[in-house]
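# Coordinates in review
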Amino acid sequence: MSFWKRFARNRGAVFGLVLLLAVIIIALIAPMIYPRGPWPMVQRPFLAPYAVDGLPLGTDTLGRNVAAGLVYGAQVSLLVGLISTVMALLIGVPLGAVAGFYGGWLDEGAMRFTEFFQTIPNFALAIVLVAILEPSLTSITLSIAIVSWPPVARLVRAEVMSVSKREYVDAARLAGLSNLRILVGQVLPNTVSPIIVMASLMVATAILLESSLSFLGLGDPNIMSWGYQIGAARTVIRSAWWLSFFPGLAIVLTVLALNLIGEGLNDALNPHLSRKGRT
Amino acid sequence: MTIVGPVLGRLFKAVLTLLAIAILNFFLIHAAPGDPAAVLAGEAGAADEQMIADLRAQFGLDQPFYIQLGTYVGNVLTLDLGYSFRQGAPVLDLILDRLPATLILTLTAFGISLTLGIMLGVAASARVGKPADSLLTGFALIFYATPLYWAALMAVLVFSVQLGWLPGFGYETVGADYTGLQRVGDILSHLVLPALTLGLFFMAVYMRMTRASMLEVAQQDFVKTARAKGLSPSVIRRRHILRNALLPVVTLAGLQAGQLIGGAVLTETVFAWPGIGRLMFESLAARDYNTILGVFLVSAAMVILFNIVTDIVYGLIDPRIRHTA
């Protein structure tokens, strides 16, 4: 059965894919919908949804258009989620691959290092990093990557260890290939499926982390994000519920979509695993 | 048979980890833009010249780098976490003052999430593929995708603002001057919403894990044997499957301790719960790095302690691990 057929059999995953595509499209066409950006004051503050035509989600404490903020926030969430995941993979994959393939003291050292990072409460570390490096898109992305790579390293290490024991790896060795070529050309390509599944879930976690940091006031001050919208509306929850409700809903839907896609990918890429056995 | 040996080993490792975190903190202070002394004093003009000079002397900032490092780590190991100029008190005092509230909140949330998570996970696995299972799994997926702070805000909105059932703010009723049982009840009513919202996310995690683990163990041979012996399904589920399925859940619960503390920062911020998470949030706005780093170190220490406790519990549940440890 083809990849797409297996993926499409999981209805939740298809729903997730549609949802994610919608969010991506909204993020891409944001400047076309609201050319003035999310910052200008468009009406008086605290307008409820649909109180005034053209403002379907109302205005915030400073009279800014909540819908415009939501649309631009999608850009930040997706961007930070994607880039920080790629960075985490760039740290975790080489580390785990070397540890699993070469073993010995390299493995021991790499795993102690990974364990150390896993012991540190990761959200607290992200807060400390962003606070000290000053909040900016770069520092946020970097901090999320720094706290997200350990599970990747462990996964890749375990996969590489198991693949390295296969016969075709012995064959490659007999054929005289160098260690590096065996690792890069023979072993790593066979560990890609679980890495893809994990990466899709990591994007979801990264989006949650980014929004949590922004909520605490650690967002990039020049960029509108969902977490910032909720954080700014926190103290007025009693009088203006819509200011925190809609951005939160956007986060839930986006993260849910990515999680569903992750499960679908798992079904499609690892068909030998029984559906029941997955976590 | 003895568990003293492994525990000593764990303690040694714990001290090493804390040492590494202290070193990490030191480098972070130096990574911050600007003069480390000014960083420690908190920016925003809180520090005068004399204070900065005192700080330089205290941290030996005119000394070579490795001596500075030694001084800093030495301070941390003697539990001197520095002074918060913002709050006008030693950081350690500030943290110890707030720690009980955080412990009450996180331990309650942990208890709720583990108990409910396991119960719902078992329930879902017993009805695998049926509507009840889909419903539970669906709820878990949604909780899993919900930002903690947003769930907390929505809980305040519904249960405190709209329905008026529970207080949505603070640790106890200010100015009520309750004593004894009345005070305990008051604190408990303030605890319900923060603990539930903090616990919901983890409940979803434990539920999914329990469900998957139950289904996996159910396919093993000894379960077939039990079934062949004619034991009733509920006895097999309780006595044979659950006991083995719990182990990975306990491991995961131990690993999640760090997340729980991170979650406490968000929950305490929303509910104005006077714990170390709220302290961290307040210090962020004030750029009080000394306090931020102190909270970070103490939360890491809590996680390590928690992991040691889980390890011991684990050994008590499963004798096989005690022997091989």
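Residues numbered from 1 in each chain as written. Chains lettered and ligands numbered in written order. Predicted model: local features only at pLDDT ≥ 70, side-chain atom pairs only at ≥ 80, totals over all residues.

Here the focus is the overall build of chain A. When helices and strands are tallied, chain A shows 12 helices and zero strands. Counting helices and strands in the order they occur from the N terminus, chain A gives α-α-α-α-α-α-α-α-α-α-α-α. Taken over the C-alpha atoms alone, chain A extends approximately 75 × 45 × 30 Å along its principal axes. The 279 residues of chain A split such that 48% are buried. (Helix = DSSP H or I, 4+ residues; strand = E, 2+ residues; numbered from the N terminus. Buried ≥ 20, exposed ≤ 12 C-beta atoms within 10 Å, placed from the backbone.)

Attention shifts here to the overall build of chain B. Within chain B, the secondary structure is distributed over 14 helices and two strands. The 325 residues of chain B split such that 41% are buried. Pairs at least 24 apart in sequence give 71% of the contacts found in chain B among residues at least 6 apart. (Contact = placed C-beta atoms within 7 Å.)

All names here are of chain A. Under the present numbering, the feature "transmembrane region" (unreviewed entry) in UniProt falls on residues 12–34, 78–102, 123–147, 195–219 and 240–261. Structurally, residues 12–34 comprises 91% helix and 0% strand, and the distance from its first C-alpha atom to its last is 31 Å. Summarising residues 195–219: 96% helix, 0% strand, and an end-to-end C-alpha distance of 29 Å. (UniProt positions renumbered as here; feature names shortened; annotations may be inferred.)

For the rest of this paragraph, the subject is the confidence of the model for chain B. In the predicted model, chain B carries a mean pLDDT of 81, and the fraction of residues at 70 or more is 90%. Model confidence for the complex: the whole-complex pTM is 0.88, and ipTM, which rates the interface, is 0.87. (pLDDT = per-residue confidence, 0-100.)

Chain B puts 45 residues into the contact, and the matching count from chain A is 36 residues. Residue assignment for the side of chain B that touches chain A shows that the elements contributing at least two residues are α1 (4–31), α6 (131–145), α7 (148–162), α8 (180–217), α11 (257–271), α12 (276–286) and α13 (289–317) of chain B. The class makeup of the residues in the side of chain B that touches chain A is 36 nonpolar, seven polar and two charged. (Nonpolar A, V, L, I, M, F, W, Y, C, P; charged D, E, K, R; others polar.)

What follows is about unusual backbone geometry. Phi angles above zero are rare outside glycine, and E134 of chain A is one such case at about 70°. Inspection of the secondary structure puts E134 of chain A in the loop between α6 (122–133) and α7 (137–164). Although it is not a glycine, L79 of chain B adopts a positive phi angle of roughly 65°.

With that settled, the discussion passes to the confidence of the model for chain A. Averaged over all residues, the pLDDT of chain A is 87; the fraction at 70 or higher stands at 96%. Ignoring residues within four places in sequence, the model shows residues 274–279 of chain A, a span with pLDDT below 50, making 12 contacts including any to other chains.

Moving on, we come to the environment of A145 of chain B. Along the chain, the position of A145 of chain B falls in helix α6. When the C-alpha positions of A145 of chain B and F201 of chain B are compared, they lie 8.4 Å apart, and in sequence the two are 56 residues distant. Those residues in contact with A145 of chain B that lie beyond four places of it in its chain are V252, V255, L256 and N259 of chain A.

All right, on to the UniProt feature "transmembrane region" (unreviewed entry) in chain B then. The sites that UniProt annotates as "transmembrane region" (unreviewed entry) are residues 12–32, 101–123, 135–159, 187–206, 246–273 and 293–317 of chain B. Helix makes up 95% of residues 12–32 of chain B and strand 0%, and the two end C-alpha atoms of the span are 31 Å apart.

Bringing the environment of T17 of chain B into the picture now. Looking at the element boundaries, T17 of chain B is found in helix α1. Between the C-alpha atoms of T17 of chain B and A301 of chain B, which are 284 residues apart in sequence, the distance is 8.8 Å. Apart from the residues lying within four places of it in its own chain, the contact partners of T17 of chain B are F116 and T119 of chain A together with I304 of chain B.

Here we come to α7 of chain B. Between the first and last C-alpha of α7 of chain B there are 20 Å, a value that for 15 residues agrees with the 21 Å anticipated at 1.5 Å per step. Within α7 of chain B the residues assigned to the buried category are L148, Y149, W150, A151, A152, L153, A155 and V156 of chain B. Contacts from the buried residues of α7 of chain B go to α10 (192–218), α11 (226–233) and α12 (242–269) of chain A together with α8 and α11 of chain B. Directly beyond the C-terminal end of α7 of chain B, a positive phi value near 65° is found at G164 of chain B. (Expected span 1.5 Å × (residues − 1).)

Below, the discussion takes up the UniProt feature "domain: ABC transmembrane type-1" (unreviewed entry) in chain A. According to UniProt, the feature "domain: ABC transmembrane type-1" (unreviewed entry) maps to residues 74–262 of chain A in the numbering used here. Overall, residues 74–262 of chain A shows 84% helix and 0% strand. The separation of its end C-alpha atoms is 19 Å.

A word on the packing of α6 of chain A against α11 of chain B. Contact geometry for α6 of chain A and α11 of chain B: axes closest at 6 Å, N-to-C directions at 50°. Taken together, the axes of α6 of chain A and α11 of chain B are oblique relative to one another. Listed contacts from α11 of chain B to N122, F123, A124 and I127 of chain A of α6 of chain A are G258, Q259, I261, G262 and V265 of chain B. In terms of residue class, the contact of α6 of chain A with α11 of chain B is built from five nonpolar, four polar and no charged. (Axes fitted to C-alpha atoms, helices over the stretch in contact; angles between N-to-C directions. Parallel < 35°, antiparallel > 145°, perpendicular 65-115°, else oblique.)

This next bit is on the packing of α10 of chain A against α11 of chain A. Residues and elements named next belong to chain A. Contact geometry of α10 with α11 gives a least axis separation of 7 Å together with a crossing angle of 35°. As for the relative orientation of α10 and α11, their crossing is right-handed in sense. In this structure, α10 contributes E210, S211, S212, L213, S214, F215, L216 and G217 to the contact, and α11 contributes W226, G227, Y228, I230 and G231. Looking at side-chain class alone, the contact of α10 with α11 contains six nonpolar, six polar and one charged residues. (Left-handed = near helix turned anticlockwise from the far one by under 90°.)

On to the nonpolar core. A126, I127 and V128 of chain A together with A152 and Y206 of chain B are the most contacted members of the largest nonpolar core, which has 167 residues in total. The element contributing the most residues to this core is α8 of chain B, with 18 residues. Other than its neighbours up to four places away in sequence, V128 of chain A contacts L28, I292, L293 and F296 of chain B. (Core = buried A, V, L, I, M, F, W, Y, C linked by C-beta atoms within 7 Å.)

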